[in-house]
Amino acid sequence: MTRAPAESEGGPATEGGRAAPGRDRREKTAHRLLNSSARKSYDPEIDIDWDAPLVEGKRYLPEHRSSLYGTALWERLSPEQRIELGKHEIASIATNGLWFEILLMQMLLREIYKADPTSGFAQYALTEIADECRHSTMFARMTERIGCPPYGPLPWRRRMAKLLPLISYGPAMYGAILVAEEILDRLQREQMNDPEVQPLVRMVNRIHVLEEARHVTFAREEVTRGVARLSGPELKYQQWLLAAVSHEVVQSLINPHVYKAVGIRPRDGYRAAMANPYYHETLRYAGERIMGFLDDNGLIGSVGMPLWRRAFLVADR
Ligand SMILES: [Fe+2]
Ligand SMILES: [Fe+2]
């Protein structure tokens, strides 16, 4: 989808008539991202051929990224069952991604509620929500197209997460957004170029990767600015909150019910995945880039360390 160029390039934000350096930079970034959004955005309704047939024998997920890869349960699956499991895993990841996006949109809307609507910040945040609306529709449609249930999170997790937009703010909020976005992004980048993966899944990943790059820039700057303003006890709270939310993000990616699709009891499949060193490695790979950034910004503290370890984002010593 090509949109008309952004209408206005507002001047630098001022506070009491004087330019404020932090806000200035925030506004500059927002306007740059607004311009980029105007130049390059996709409309999955138009840009994806939803009627194209799925390709026989192609995977939905690279084998080595399957949560059971390398386990005794995996060895018992036929080649067709391995593809089937990957299909249900990608549906689980997509519908959990959609759930993260809906939470993210709620959090951003709360920020916009307080913001000056004429600011670049508010306008970019609205643009990001518009992107996420299209992404969530795209993930839902892909799940429907490949014939999988709308797995999403387990019901207790979905209920618990309703609290998130109410209790999260500041760097932990943007940090948690980044953990969800960058974990998916790292895996999607790998898959969008894999010729063994279904063309539909590759196109969905390509669209998401392209548009998420702007979201990552936006949230990373908010984290860096926000951390600089935190005091000791508040930093500890933010470190803990970020670790707690990130733990739930990672644990929710694969809904245990996916294993039923290949005749494995959900409890057995999930337990095997959580004990699977190959899956731990996949999660570490997916989180590598964002964990480095959060650590550099002082958001990985001892207070959250047990949770980071249980999320396999920090290796056990
Ligand atoms: Fe998205
Ligand atoms: Fe995003």
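Keep in mind it's a predicted model, so treat the numbers as computed, not measured.

Below, the discussion takes up the pattern of salt bridges. When the charged atoms of two side chains with opposite charge come close together, those side chains can pair. Counted under the stated rule, the structure contains 20 salt bridges. Each of the salt bridges in this network shares a partner with another, and the network as a whole consists of Arg25, Arg26, Glu221, Glu222 and Arg225.

Moving on: the packing of aromatic side chains. Per the stated rule, a full pass over the model turns up eight aromatic pairs. Through pairs of rings, three or more aromatic residues link up here, namely Phe121, Tyr124, Tyr174 and Phe218. The positively charged end of arginine 26 is found above the aromatic ring belonging to phenylalanine 121, 3.7 Å away from the centroid. A cation sits over an aromatic face here: arginine 186 above tyrosine 285, 4.3 Å from the ring centre.

Time to look at a nonpolar patch on the surface. Residues Leu163, Leu166, Ile167, Tyr169, Tyr237, Trp240 and Val303 make up a contiguous nonpolar surface patch of about 630 Å² in total accessible area. Elements with a minimum of two residues in the nonpolar patch: helix H7 (164-167) and helix H10 (232-252). Relative to the elements of secondary structure, tyrosine 237 occurs in helix H10.

On to helix H11 (residues 266-274). Of the residues making up H11, those classed as buried are Pro266, Gly269, Tyr270, Ala272, Ala273 and Met274. Contacts from the buried residues of H11 go to helix H3 (72-75), H10 and helix H12 (277-296).

Those protein atoms acting as donors to the iron ion (ligand 2) are Glu132 (OE), Glu181 (OE), Glu212 (OE), Glu212 (OE) and His215 (ND1), and they sit at 1.9 to 2.5 Å. In the primary structure, the donors to the iron ion (ligand 2) are separated according to the pattern E-x48-E-x30-E-x2-H. The distance between the iron ion (ligand 2) and the iron ion (ligand 1) comes to 3.6 Å, with glutamate 132 serving as a donor to both metals. Taken as a pair, glutamate 132 in helix H5 (residues 120-145) and glutamate 212 in helix H9 (residues 199-227) lie far apart in primary sequence, 80 residues in all.

Thresholds, definitions, all that
Residues numbered from 1 in each chain as written. Chains lettered and ligands numbered in written order. Predicted model: local features only at pLDDT ≥ 70, side-chain atom pairs only at ≥ 80, totals over all residues. Heavy atoms only, no water. Salt bridge = Lys/Arg side-chain N within 4 Å of Asp/Glu carboxyl O. Phe/Tyr/Trp six-rings, centres within 6.5 Å; stacked < 30°, edge-to-face > 60°. Lys NZ or Arg CZ within 6 Å of the ring centre and 35° of its normal. Patch = residues over 30% accessible without salt bridge, like charges linked within 9 Å, V, L, I, M, F, W, Y side chains within 5 Å. Areas by Shrake-Rupley, 256 points an atom, 1.4 Å probe, with all protein chains shown as cover. Helix = DSSP H or I, 4+ residues; strand = E, 2+ residues; numbered from the N terminus. Buried < 20%, exposed > 50% of the residue type's maximum accessible area, 1.4 Å probe, protein only. Contact = heavy atoms within 4.5 Å. Donors = N, O, S within 2.8 Å, 3.2 Å for Na, K, Ca; no water.

Everything listed is a geometric property; what it means functionally is a separate question.
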